[in-house]
Amino acid sequence: PAAAAAAAMVSAEAGIDRVLWTEAEVAARVGDVAAELEADLRALPEPAVVVGVATGAFLFLADLVRRVDAPLAVDFVRVESYGQGTESSGKPRITADLKVDVAGKHVVVVEDIVDTGNTLSCLIAHLEKKGASSISVCTFLDKPARRKVNVQLVGDGKFYSGFECPDCFVVGYGLDYAELYRNLPYVGVLKPEMYTKDSGN
Ligand code: 5GP
Ligand code: MG
Ligand code: MG
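Q: Can you explain the sheet that holds strand E6 (residues 134-142)? Please cite residues and give values.
A: Pairing is mixed in the open sheet, where six strands are placed in the order E4-E3-E2-E5-E6-E7. The open sheet has two edge strands with one neighbour each: strand E4 (93-96) and strand E7 (159-164). Neighbour-to-neighbour, the strand axes of the sheet open up by a mean angle of 30 degrees, direction not taken into account. For E6 and E7, the ladder comprises five bridges, and the chain directions are parallel. Within the sheet, the bridge partner assigned to Leu141 lies in E7 and is Phe163. Contacts from helix H2 (residues 23-42) reach strand E2 (48-54), strand E3 (72-80), E6 and E7, with the element oriented near 175 degrees to E7.

Encoded structure:
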C-alpha cells in the first residue's frame, strides 16, 4: 500500500486498480453518441446550445462536439453539492452560471455521470426557468442503480448515454477523486488504498 501511494505521487495511472473502459473503447462509444446527436441537431431549425457541467464533462464534451457537424454553441455551468468523499449531498447549487442566453433555445446538457440524478434535476430546473425550449441530456456514464430522482427532460428533449456504469466509484476521462485522475484517458476504479477518509467529490 505505501508503495502504491508513493507511485501515485508521480503517476495518475499508478492509482488505478482496474480499467472499465479503455481509451479505444471510450473513443468508439463517443463516436456513436456523436453520430446520434449530430442527426438530431441537424434536424433542428436553429443552433442548439451545448451546456457542459464543469469540471467533470470537459473531456467528454471536447471529444463529443468535435465529432458533431451541426451548428451549435458551447457554454459551461458549475454545479456543486456540499457532499464529501464519494457521495453527493443531494443539495446541489449552481456556482457558476451560463454566459449564453438559452431562452427559446434547444439545450443539450453534457454530463460526466448521472448518479442519484440530483445534480441534473437542479440544473434542468434552472435551465427551464431561463426559458430553454427543449432540454436534452447527454451523459458519458449512467449509473441507474443509484437513481433517486428521475431525470425529467423538457420539450422534445432526449437522453443520450455513453455507457451504463456499474454501482462503483469510477475515475478518469474527466471524473475525479479529490480533483485528481481527471486526466486519465480511460475509466477505471481506484486502488482501495488511494481513498482518504475526508476528501473526494
Ligand atoms: P448525482 O447528483 O447524479 O448524484 O451526482 C452527480 C455527480 O456526482 C457527478 O457529476 C460526479 O461529479 C459525482 N459522481 C457520481 N458518481 C461518481 C463516480 O462514480 N465517480 C466520480 N468520480 N464522480 C461521481
Ligand atoms: Mg458532473
Ligand atoms: Mg467530483
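Now that the structure has been shown, we can carry on.
Q: Report on the sheet that holds strand E9 (residues 187-190), specifying residues and quantitative values.
A: Strand order in this open sheet of three strands is E1-E9-E8, and the pairing throughout is antiparallel. This sheet does not close on itself; its edge strands, each paired only once, are strand E1 (16-21) and strand E8 (170-171). Bridge count between E1 and E9: four bridges; the pairing is antiparallel. From the neighbouring strand, Trp21 faces E9, where its bridge partner is Val187.

Q: Let's hear about the nonpolar core: which residues, and what values?
A: General note: in soluble globular proteins, nonpolar side chains tend to be found buried as a group. With 49 residues, the main nonpolar core has Phe60, Leu64, Val107, Val109 and Val110 as its most contacted residues. Other than its neighbours up to four places away in sequence, Val110 contacts Val50, Val51, Gly52, Val53, Ala57, Phe60, Leu61, Leu64 and Cys138.

Q: Let's hear about helix H4 (residues 118-129): which residues, and what values?
A: Taking 1.5 Å of rise per residue, 12 residues should cover 16 Å, and H4 covers 17 Å from first to last C-alpha, within 8% of that figure. The set of residues buried in H4 consists of Asn118, Thr119, Leu120, Leu123, Ile124 and Leu127. The inward-facing, buried residues of H4 abut E2, E3, strand E5 (106-114) and E6. The positive-phi residue at the C-terminal boundary of H4 is Gly131, with phi of around 90 degrees.

Q: Go over the confidence of the model for the chain, please, and point to the residues and values.
A: Averaged over every residue, the pLDDT of the chain is 93; the share at 70 or more is 93%. Predicted as a complex, the structure gets a pTM of 0.93 and an ipTM equal to 0.97.

Each value, and the rule that gives it
Residues numbered from 1 in each chain as written. Chains lettered and ligands numbered in written order. Predicted model: local features only at pLDDT ≥ 70, side-chain atom pairs only at ≥ 80, totals over all residues. Pairing = 2+ DSSP bridges. Helix = DSSP H or I, 4+ residues; strand = E, 2+ residues; numbered from the N terminus. Axes fitted to C-alpha atoms, helices over the stretch in contact; angles between N-to-C directions. Contact = placed C-beta atoms within 7 Å. Core = buried A, V, L, I, M, F, W, Y, C linked by C-beta atoms within 7 Å. Buried ≥ 20, exposed ≤ 12 C-beta atoms within 10 Å, placed from the backbone. Expected span 1.5 Å × (residues − 1). pLDDT = per-residue confidence, 0-100.

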